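# Residue-level structural notes
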Amino acid sequence: MITQKLIYERPFIKKMNAGLMNKFGTRTEFQALKYIDGVSVKSLLAEYGSPVFVLSEKQIRRNYQNAVRSFKTRYPKVQFAWSYKTNYINAVCNVFHQEGSWAEVVSGFEYRKALGNGVPGNKIIFNGPDKHPEDILLAIKNDSLLHIDHFDELYSLIELCDTQDKKPRVAIRVNMDTGVYPIWDRFGFNYENGQAWNAITKIIGSGKLKLVGLHCHIGTYMLATSAYAIAASKLCELATNCKNQLHTPIQYLDLGGGFPSTNTLRGAYLPGVDTVPSVDDFAEAITSTILAHGFKQDELPLLILESGRVLIDDAGYLLGTVLANKRLSDGRRATIMDFGVNILFTAFWYEHKISPAQDFTHHSEDMVLYGPLCMNIDVVRESVNLPLLNRGDNVVVHKVGAYNMTQWMQFISMRPNVVMIDEKGNPHLIRKAETLGYLEMQEETPTHLKSINL
Amino acid sequence: MKLKKNIATSENGFIFNPATGDSFSSNPIAAEILQMMKDGKSSSQIKAELLDKYHVEELQLERDWDDWMSQLKDANLLEQ
Ligand SMILES: Cc1ncc(COP(=O)(O)O)c(C=O)c1O
């Protein structure tokens, strides 16, 4: 007679420390995530390998449309520009461009990527402190919006114009005290000490540049809507002075990015979902400030936003596999995953929510989650309470859509496949996993080092 | 490796160490093993029974057993 054996679970005890329970718990992490947009996590892993990044096209579009609605229902002239550095895989950029977003770039290669994606030159905003002369010339030719970052750039731009018959359209980036510290004063011209006004008068005085906009990007993962109200008010003040004193009406105010996604910052007491203001809150702070400033109806500036993380973080998932379990010398349990901080850069900022991808029993354990790299800083979560995970089990890391697929490093292990699930639930490979061939394509070995004899 | 004599265990997996005041919860299989240990069964006896009863590879059980022992040690539940 064959008897059915019982399902096994490894034996486990957990100390109960009364009174020290985390009141807010991590209950949500106790739900298996088996499907993303109707596609099974296991089938994605089987088809595309582990680890793998998965993006939801539906969620990206939803985020974009909601953000646009938040602003357009409050203000008549609104334009978003996708921040390429946040995620510049072409398929991702084109979802935003299809929705109507312009491009915001900070380097020559990002600029050319936007052109390659078909963005008209006059809908590309070129930011950043490092624009090369050949990039600037190209941007002038294409009538792109050049956002000047510092005086050296301003002077060399004026010089470059001597060789051009076109008047470049420019804005300046302004930094300022918004009540949030530290001030990001390394970018742009300072408002309070008069630098910004000085730059404006030089631009207009030169007669070679057309000042069309004012820009600021006051920080990232900003939690205070009041900071945006202050920023908007200072830009409005500059704009009014441009018109009244220099007879140069400003066409647009670009408030940059910086709205937080709902990830939880490392060390935060409360989860991000419960604490971050919504795009609606930011939109209210910004638009009510501009509307109250006293522009004439036909002189209301276009409001540009360069939001990155808030539009894509929660549309991205990282699927991975447990490599091993071990116990540390102090008794803590450690689980080693097949992905590390080399591809999950944001693990340095966030306590990413992690879900098992299969059913589990109701027992859970506090553990450290490590990546597979041979270095001490490779920690995915310092302390996370998860069900008992076994070697080969799969997990899903949430809200990884922003910055990981651009700041990732090829270190020890290569960058994995990136898949996008379209609105009909069909997965598409949008960036292939790297291979040894890809890696070595860029290498040149001198003849005398081509052979070895061991 | 023997469980300390005065450790109290309950059927539903509650463990109490009166010497330190520490209490623990455990999953059903851990509770079962603790009971067998209290009954004085040897580790090889216990493992054989588990292999018989549960759907688990011997190698896996062997590994988990080592981990189980270190959990008990960390929890101060074993005789020195
Ligand atoms: C100039 C500029 N605009 C927009 C962004 C996008 O920021 P976020 O992802 O915080 O919205 C950044 C990011 O650093 C930036 O530097």
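Look up: the structure comes first, before these words.
Below is a short write-up of the structure. The residue numbering used here restarts from 1 in each chain and proceeds along that chain's sequence as written. The order in which chains are written sets their letters, starting at A; the order in which ligands are written sets their numbers, starting at 1. Where totals are concerned, whole chains, interfaces and linings use all residues; where local detail is concerned, this predicted model gives features only for residues with pLDDT of at least 70, and gives and counts side-chain atom pairs only at 80 or more. Excluded from the side-chain calculation are hydrogens and water; included are all heavy atoms of the structure.

## Brief notes about the nonpolar core
Nonpolar side chains tend toward joint burial in soluble globular proteins. All names here are of chain A. Basically, it comes down to this: The set of buried Ala, Val, Leu, Ile, Met, Phe, Trp, Tyr and Cys residues whose side-chain atoms join them within 4.5 Å is what this entry labels a nonpolar core. A simple rule labels every residue: compare its accessible area, found with a 1.4 Å probe on the protein chains alone, to the largest value its type can have, and call it buried under 20%, exposed over 50%, or partly exposed in between. Only runs of H or I of at least four residues qualify as helices and only runs of E of at least two qualify as strands under DSSP, and these elements are numbered from the N terminus. A domain assignment, automatic or from a database, supplies the domain bounds used here. Should any heavy atoms of two residues lie within 4.5 Å, those residues are counted as being in contact.
Grouped together as the largest cluster of nonpolar side chains are 101 residues, with contacts concentrated most on Phe-71, Ile-172, Leu-255 and Ile-286. A per-element tally of this core places helix H8 (residues 225-246) first, with nine residues. When residues of this core are assigned to domains, at least three fall in each of domain 1 (24-54 + 314-433) and domain 2 (128-305). In this structure, Ile-172 is in contact with Ile-148, Phe-189, Ala-196, Ala-199, Ile-200, Ile-203, Leu-211, Gly-213, Leu-214 and His-215, ignoring residues within four places of it in sequence.

## Quick notes on the interface of chain A and chain B
Operational definition: Here's the idea: put two parts together, see how much 1.4 Å probe accessible area each one loses, and the total over both is what we call buried area. Definition used for salt bridges: Asp or Glu carboxyl oxygen within 4 Å of a side-chain nitrogen of Lys or Arg. Between N or O atoms, a polar contact is any pair within 3.5 Å; within protein, one atom must be a potential hydrogen donor and the other a potential acceptor, and residues adjacent in sequence are included only when both atoms are from side chains.
Taken residue by residue, the interface counts 17 residues in chain A and 29 residues in chain B. Taken over both partners, the interface formed by chain A and chain B buries close to 2100 Å², and the fraction arising from carbon and sulfur atoms is 58%. On inspection of chain A and its partner chain B, the count reaches three salt bridges. A salt bridge links Lys15(A) to Asp22(B); the shortest N-O distance between them is 3.4 Å. Counting across the chain A and chain B interface gives 13 residue pairs in polar contact (both at pLDDT 80 or more). Where the side of chain A that touches chain B is concerned, the elements lending two or more residues are strand S1 (6-7) and strand S2 (13-16) of chain A. With four residues, S2(A) is the largest single contributor of residues to the side of chain A that touches chain B.

## Some points on the site of the ligand
Residue and element names in this part refer to chain A. Going by this rule: Consider each residue's heavy atoms; a residue with any of them within 4 Å of a molecule or strand counts as near. Accessible areas in this description were obtained via Shrake-Rupley with a 1.4 Å probe; residue shielding takes into account the shown protein chains only. Only Asp, Glu, Lys and Arg are considered charged, only Ala, Val, Leu, Ile, Met, Phe, Trp, Tyr, Cys and Pro nonpolar, and every remaining residue, Gly among them, polar.
In the region of the ligand, 15 residues are neighbours, and Thr-220, Gly-258, Glu-306, Gly-308 and Tyr-403 sit closest. Gly-308 is positioned such that a nitrogen or oxygen atom in its backbone is 2.8 Å from an oxygen atom of the ligand. Bound to the protein, the ligand loses 92% of the 400 Å² it would expose on its own. In terms of residue class, the shell around the ligand is made up of one nonpolar, nine polar and five charged.

## Focus on the side chain of Thr346(A)
Residues and elements named next belong to chain A. Here Thr-346 shows up in the loop between strand S16 (333-337) and strand S17 (354-356). For Thr-346, the side chain forms a polar contact with the side chain of His-352, separated by 2.7 Å. In this structure the side chain of Thr-346 is engaged in a polar contact, spanning 2.8 Å, whose partner is the side chain of Asn-404. Among residues more than four places away in sequence, those in contact with Thr-346 are His-352, Ala-402, Tyr-403 and Asn-404.

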